[in-house]
Amino acid sequence: MEATLIIATSILLQLVAAVVAIRQMRDLEMRRIWLAIAAALLLMSVPRTITLFRMVTGEITRPPDLESELVALDVSFLMGIGIVYAAKLFRSLKKAQIELARSQQIALDNEMRLRTLIDNAPDAIITSDKEGSVLVANHAASLLTGYTPLQLVGYPLAKLAPFHAYLQKRRA
């Protein structure tokens with residue numbers, strides 16, 4: 001009777017874990033993962049169910065090894081806990097992905113607004129990196145230098161503004 005209860009509990013835990021995994025399949029990106037987990041759990045419960053059926057119908061007269069059944073019960077319990085925590089982890093990951101995409105869109109929108117401001121500014125605007133190469137130049141800067149904004153990108157700022165190069169050398 002004790003082994004029957006242990007096997008039945010183990011089967012129940014495996015089925016509950018499979019149902020939890022199936023419920024997670026709403027997320028299309030993770031559908032295959034959850035389907036594989038649910039299928040594995042259901043397949044694990046099949047031999048246990050056959051053993052339980054044979055015990056209940058009297059086909060098995062000698063009860064299974066109690067220690068082995070307790071280990072199987074522990075494994076079923078731990079798998080159920082693992083499924084619940086994995087589901088929470090995947091939900092957190094999905095929220096983080098959504099937040100990252102939203103932040104990236106905000107950054108892109110801000111960059112476009114800044115680019116519009118720079119491009120439409122009446123004054124020449126040129127930005128450079130630490131090495132002195134031009135990163136951004138607006139239309140007013142191209143009128144001042146004679147180069148298009150695209151031609152200015154990567155151009156050495158020292159060639160455009162010799163005084164700037166002089167100041168950089170003095171700082172060094």
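Keep in mind the model is a prediction, meaning the values are calculated, not measured. (Residues numbered from 1 in each chain as written. Predicted model: local features only at pLDDT ≥ 70, side-chain atom pairs only at ≥ 80, totals over all residues. Heavy atoms only, no water.)

**Q** Can you help me understand the packing of helix α1 (residues 2-23) against helix α2 (residues 31-57) in this one?
**A** Packed helices, taken two at a time, are described by the angle their axes make and the gap between the axes. Relative orientation of the contacting elements α1 and α2 amounts to 160°, with a least axis distance of 8 Å. The orientation of α1 relative to α2 falls into the category roughly antiparallel. Here α1 and α2 pass one another in a crossing that is left-handed. Classifying every residue of the contact of α1 with α2 by side-chain character gives 18 nonpolar, six polar and one charged. (Axes fitted to C-alpha atoms, helices over the stretch in contact; angles between N-to-C directions. Helix = DSSP H or I, 4+ residues; strand = E, 2+ residues; numbered from the N terminus. Parallel < 35°, antiparallel > 145°, perpendicular 65-115°, else oblique. Left-handed = near helix turned anticlockwise from the far one by under 90°. Nonpolar A, V, L, I, M, F, W, Y, C, P; charged D, E, K, R; others polar.)

**Q** What am I meant to see in the packing of aromatic side chains here?
**A** Each aromatic ring pair is summarised here by two numbers: the centre-to-centre distance and the angle between the ring planes. Scanning the entire structure with this criterion turns up two aromatic pairs. Measuring from ring centre to ring centre gives 5.4 Å for Trp-34 and Phe-90, while their planes differ by 85°; the resulting arrangement is edge-to-face. In this pair, Trp-34 sits in helix α2 while Phe-90 sits in helix α3 (residues 66-120), placing the two residues 56 residues apart along the sequence. Aromatic side chains Tyr-147 and Tyr-155 sit 5.0 Å apart centroid to centroid with 40° between the ring planes, which places their arrangement in the tilted category. (Phe/Tyr/Trp six-rings, centres within 6.5 Å; stacked < 30°, edge-to-face > 60°.)

**Q** What is the right way to read α2 from this model?
**A** Helical geometry: 3.6 residues make up each α-helical turn, so side chains three or four residues apart lie on a common side. The terminal C-alpha atoms of α2, which comprises 27 residues, lie 38 Å apart, in line with the 39 Å expected from a rise of 1.5 Å per residue. Within α2, the full set of buried residues consists of Trp-34, Ala-38, Leu-41, Ser-45, Arg-48, Leu-52 and Met-55. Looking at the buried positions of α2, the neighbouring elements they touch are α1 and α3. One or two positions beyond α2, positive phi appears at Gly-58, with a value near 90°. (Expected span 1.5 Å × (residues − 1). Buried < 20%, exposed > 50% of the residue type's maximum accessible area, 1.4 Å probe, protein only. Contact = heavy atoms within 4.5 Å.)

**Q** Got a minute to help me understand the pattern of salt bridges in this structure?
**A** Where side chains of opposite charge bring their charged atoms close, a pairing between them can arise. The tally for this structure, following the rule as stated, stands at four salt bridges. Ionic pairing is found between Arg-48 and Glu-69, a salt bridge with its closest N-O pair at 2.2 Å. Of this pair, Arg-48 sits in helix α2 while Glu-69 sits in helix α3, placing them 21 residues apart in sequence. Residue class for Arg-48 comes out buried when judged on its relative accessible area of 14%. Owing to a relative accessible area of 9%, Glu-69 belongs among the buried residues under this scheme. A salt bridge links Arg-54 to Glu-59, with the nearest nitrogen and oxygen atoms 3.7 Å apart. (Salt bridge = Lys/Arg side-chain N within 4 Å of Asp/Glu carboxyl O.)

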